[in-house]
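Commentary on secondary and tertiary structure
Given next are the chains, with one letter for each unit.
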Amino acid sequence: MTVLGQRALNRALLARQHLLERASLSATEMVGHLVGMQGQAPLAPYVALWTRLSAFRPEELARLVTGRDVVRGLLMRGTVHLVLADDARVLRPLVQRVVAAGYTGHFGRRVGGADLGEVAALGRKLLEERPRSRRQVQDAFAERWPEHDAEALSYAVAYLVPTAQVTPRGVWGETGPARLTTLDGWLGRPLAEDPSLEDVVRRYLRAFGPASVADVQAWSGLTKLRDVVEAMGLRTFRAESGEVLYDVEDGLLPGPDVPAPVRFLPEYDNVLLGHADRGRVLPPGRRVPLPPGNGASRGTLLVDGFYRADWRLHGTGLKVTPHGRLAVGERAEIVAEGGRLLEFLGVGEAEVRFGGI
């Protein structure tokens, strides 16, 4: 098998994520191609689309969110993702056991003797009546089960019942609390009864491959996928570690020396979290930062395709903090691209500044 080094895998990932060259696609097409986008920070997907698309404006995604063409909810790895409505109907049933296991892992010791089936049933009923915040669910549970930990039980609703976060949260230029309703109710359609895992794996590879079985599992949160992946008849490569990498036949494979432009990424971007082996974008010893916030105000910076700096809005400007020395040309490219980001964010008289290492 052909052996692919880290730079080759880096360039393949960047090409498939449209981070080598911005794409002339719609926001709908890009969200679908990426099989969803990290959405813990509600506004992060706006920056993620700006850095991948040639003509993206925030109003485009805002319309999709308010029109329920895209939806935010717990999906892969039990984390919040923004996905196409049709994909939510497929993905949530596929990862439901992962999401439910996440609740047990986080809150199992606090559940006590509560019947989680009854908890989920009442939670669904409450959300079908009207969208509610977790605190509102907690108050209702405290009245129903005063002998149990109502706070712990309130978290069960999002994990055990397929839910969606309702607008105006996640809408550019607006604010709102995190309120939940049922996913099928929000979309006006039932969830898929027999979704195809193989189809989702192929879509993952088209956006993230070549990738190992461990990578597919790390992205999805699912386990025991080796038999599934090996039976799909995919083309194969080998990583420098010796691990087998799987891929779709038409997956992009630019050379390892293809230039990679500077790219500003938001918090929790897909490209940083989509693999078990994150060495294709993260230098040795570097971890993905997980800052709190609503998004569109801080993130990470790819230089020559790798995570080499952090950025954040600071006062009236944009502060870039490198992890090491940057060449003069790299600093100039960061300033130019940072200026375009400031323009997108609507920040007036501002400049790009470099902080200390």
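Before reading further, recall that the structure is shown in the block above.
Residues numbered from 1 in each chain as written. Predicted model: local features only at pLDDT ≥ 70, side-chain atom pairs only at ≥ 80, totals over all residues. Heavy atoms only, no water.

Things to note about the sheet that holds strand S13 (residues 317-322)
Pairing is mixed in the open sheet, where five strands are placed in the order S10-S11-S12-S13-S14. Both outer strands of the open sheet, strand S10 (263-266) and strand S14 (352-354), are each paired with one neighbouring strand and no more. When strand polarity is set aside, the average angle formed by the axes of neighbouring strands in this sheet is 30°. Along the sheet, helix H14 (residues 328-345) makes contact with S10, strand S11 (298-303), strand S12 (306-314), S13 and S14, crossing S14 at roughly 135°. (Pairing = 2+ DSSP bridges. Helix = DSSP H or I, 4+ residues; strand = E, 2+ residues; numbered from the N terminus. Axes fitted to C-alpha atoms, helices over the stretch in contact; angles between N-to-C directions. Contact = heavy atoms within 4.5 Å.)

Comments concerning the pairing of strand S4 (residues 80-84)
Burial analysis of S4 places five of its five residues in the buried class, which makes it a mostly covered element. In terms of strand pairing, strand S2 (residues 37-38) meets S4 through two bridges, oriented antiparallel. Bridge pairing links Gln-38 to His-81 in S4. Where strand S3 (residues 70-74) meets S4, five bridges bridge the pair, whose relative direction is antiparallel. Bridge pairing links Val-71 to Val-83 in S4. Linking two consecutive strands that pair antiparallel, namely S3 and S4, is a turn of five residues; a positive phi of about 60° is found at Arg-77 within it. (Buried < 20%, exposed > 50% of the residue type's maximum accessible area, 1.4 Å probe, protein only.)

Description of the packing of helix H10 (residues 197-208) against helix H11 (residues 213-220)
Where H10 contacts H11, the axes come no closer than 11 Å and their chain directions differ by 100°. The angle between H10 and H11 places the two elements in the roughly perpendicular class. Listed contacts from H11 to Val-200, Val-201, Tyr-204 and Phe-208 of H10 are Asp-215, Val-216 and Trp-219. Within the contact of H10 with H11, the residues separate by chemical class into six nonpolar, no polar and one charged. (Parallel < 35°, antiparallel > 145°, perpendicular 65-115°, else oblique. Nonpolar A, V, L, I, M, F, W, Y, C, P; charged D, E, K, R; others polar.)

Section: H11
Of the positions making up H11, those classed as buried are Val-213, Asp-215, Val-216, Trp-219 and Ser-220. When H11 is viewed along its axis, its buried side chains cluster within an angular range of 160° and face the same direction. Tucked inside the fold, the buried residues of H11 contact helix H5 (85-111), H10, helix H12 (226-230) and strand S9 (244-247). Phi turns positive, to about 90°, at Gly-221, one or two residues after H11. (Arc of directions from axis to C-beta.)

Some details on the side chain of Asp-269
Here Asp-269 shows up in the loop between S10 and helix H13 (270-273). A distance of 2.8 Å separates the side chain of Asp-269 from the side chain of Arg-52, its partner in a polar contact. At 3.0 Å, the side chain of Asp-269 forms a polar contact with the backbone nitrogen of Val-271. Apart from residues no more than four positions distant in its own chain, Asp-269 is found in contact with Gln-38, Ala-48 and Arg-52. (Polar contact = N/O pair within 3.5 Å; in protein donor to acceptor, adjacent residues only side chain to side chain.)

Thoughts on H14
Along its 18 residues, H14 runs 26 Å from first to last C-alpha, staying within 8% of the 26 Å computed at 1.5 Å per residue. Directly beyond the C-terminal end of H14, a positive phi value near 75° is found at Gly-346. (Expected span 1.5 Å × (residues − 1).)

Comments concerning the sheet that holds S9
Each strand in a sheet pairs with its neighbour through backbone hydrogen bonds, running either in the same direction (parallel) or in the opposite one (antiparallel). An order of S1-S8-S9 is seen for the three strands of this open sheet, with the pairing classed as mixed. At either end of the open sheet lies a strand with only one pairing partner, and these are strand S1 (3-4) and S9. By the bridge criterion, four bridges tie strand S8 (residues 235-239) to S9 in an arrangement that is antiparallel. By the bridge assignment for S9, Arg-235 is matched with Asp-247.

With respect to the nonpolar core
Judged by nonpolar contacts, the single largest core of 75 residues is most densely connected at Val-71, Tyr-103, Phe-141, Leu-153, Leu-205 and Leu-272. Looking at which element gives the most residues to this core, the answer is H5, with ten residues. Counting residues in hydrophobic clusters, the runner-up holds 38 residues, among them Tyr-46, Leu-53, Leu-82 and Ile-334. (Core = buried A, V, L, I, M, F, W, Y, C linked by side-chain atoms within 4.5 Å.)

Considerations on the pattern of salt bridges
Scanning the entire structure with this criterion turns up 22 salt bridges. Residue Arg-22 is joined to Glu-337 by a salt bridge in which the shortest nitrogen-to-oxygen separation is 2.7 Å. Placement of Arg-22 in the loop between helix H1 (6-16) and helix H2 (27-33) and of Glu-337 in helix H14 is noted, with a sequence separation of 315 residues between them. On the accessibility criterion, Arg-22 (22% relative accessible area) is partly exposed. Under the relative-accessibility criterion, Glu-337 is labelled buried at 2%. The network of salt bridges with common partners includes Arg-22, Arg-263, Glu-337 and Arg-340. (Salt bridge = Lys/Arg side-chain N within 4 Å of Asp/Glu carboxyl O.)

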